[in-house]
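Here's the letter readout for the chains.
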Amino acid sequence: MTRLRNLLERIDQGGAPSLGFGAAQANRLPAMALIARCSGDLDAGLAAASGAADAVVIAAPGGSPDGLPDLGDLMWGVGGIPLTPESVVLWRGAGADFMVSPPAGALVDAVNLAQPGLTHGMRIPDDPDDAMWRTLASAPLDFLVRDKSAMTGPWTLDDLGQVSDASGRTDNYLFVRVGVRPSVNELVALHQAGAVAIVAEASQLGAEGMAALKSDLMSLPRVQPTGRRRVRPTLDHQPA
């Protein structure tokens, strides 16, 4: 089991704290994990995320791990990388714990390679139709990401409904990517709608904003899981 998968299961089940990036700052888990997205100036993003984020996702740094700084014991993954056998081998070898991929071009053989050593998620298209939802629901993925980072104002019921709908469509863990820092009431609503993690741009919020967001997540009341998530089978890789 990967570190991210372990963290998500503990949060979902209300268990003891995991050994994640921000584990040292609290004796218990947050209601939702805080995932710091680092794009552009990676060093600035990592500095802003330090001490607050449970994990870091590095936004497609040229499609290659070459030139990455020493990430030490940081729980990290990569975003925007196509889900192919080659990309799984490349990033897993570089130390990535998880990947977030677009649905276009995702290859089934990559899942065979990814399990169990790499947790993998997928970004939900902006306007998924029923066929796309069936595809996402049947795919052997660990989590889905609902991207609401383009929002510049407060959350509306329509926005919240998109999150709730995504949570109810599949058995996957649901991440919500935000732009503007949500209020405490909005975080409570997102948690109740089924979100298990918040993804925020670290350099956009800055160190103070990330720390404040983590504090809000730590103080939220925990929603009891409505039911057990189905156990996903591990595929044994059979070399050709």
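Our subject is the structure listed above.
I will try to describe carefully the structure that is included in this document.

Conventions and cut-offs
Residues numbered from 1 in each chain as written. Predicted model: local features only at pLDDT ≥ 70, side-chain atom pairs only at ≥ 80, totals over all residues. Heavy atoms only, no water. Axes fitted to C-alpha atoms, helices over the stretch in contact; angles between N-to-C directions. Helix = DSSP H or I, 4+ residues; strand = E, 2+ residues; numbered from the N terminus. Parallel < 35°, antiparallel > 145°, perpendicular 65-115°, else oblique. Contact = heavy atoms within 4.5 Å. Salt bridge = Lys/Arg side-chain N within 4 Å of Asp/Glu carboxyl O. Pairing = 2+ DSSP bridges. Buried < 20%, exposed > 50% of the residue type's maximum accessible area, 1.4 Å probe, protein only.

**Considering the packing of helix H5 (residues 130-138) against helix H6 (residues 157-169)**
Relative placement of two packed helices is described by the angle separating their axes and the distance separating the axes.
Right, so step 1: Running from amino to carboxyl end, H5 crosses H6 at an angle of 50 degrees, the nearest separation of the two axes being 10 Å. Between H5 and H6, the interaxial angle falls into the category oblique. Residues Asp130, Trp133 and Ala137 of H5 form the contact with H6, whose participating residues are Asp165, Ala166 and Arg169.

**Overview of the pattern of salt bridges**
Right, so step 1: One pass over the full model with this rule turns up 13 salt bridges.
Right, so step 2: Notably, a salt bridge pairs Arg37 with Glu201, separated by 2.7 Å at the nearest N-O pair. Taken together, the residues span a long stretch of sequence, with Arg37 in strand S1 (residues 33-38) and Glu201 in strand S8 (residues 195-201) at a distance of 164 residues.
Right, so step 3: Measuring nitrogen to oxygen at the nearest pair gives 2.9 Å for the salt bridge that ties Asp126 to Arg123.

**Topic: the sheet that holds strand S5 (residues 119-123)**
Right, so step 1: Taken together, 8 strands build a closed barrel; the order of strands is S1-S2-S3-S4-S5-S6-S7-S8 and the barrel is parallel. Pairs of neighbouring strands in the sheet enclose a mean axial angle of 25 degrees, with direction left out of account.
Right, so step 2: In the packing of helix H8 (residues 202-219) onto the sheet, contacts are made with S1 and S8, and the angle to S8 comes to roughly 150 degrees.

**As for the environment of Pro102**
Right, so step 1: Following the sequence through the fold, Pro102 ends up in the loop between strand S4 (98-101) and helix H4 (108-114).
Right, so step 2: According to the relative accessible area criterion, Pro102 is partly exposed, its value standing at 31%.
Right, so step 3: The sequence separation of Pro102 and Ile124 amounts to 22 residues, and the corresponding C-alpha distance is 7.7 Å.
Right, so step 4: If sequence neighbours within four positions are ignored, Pro102 has contacts with Gly80, Ile81, Pro82 and Met122.

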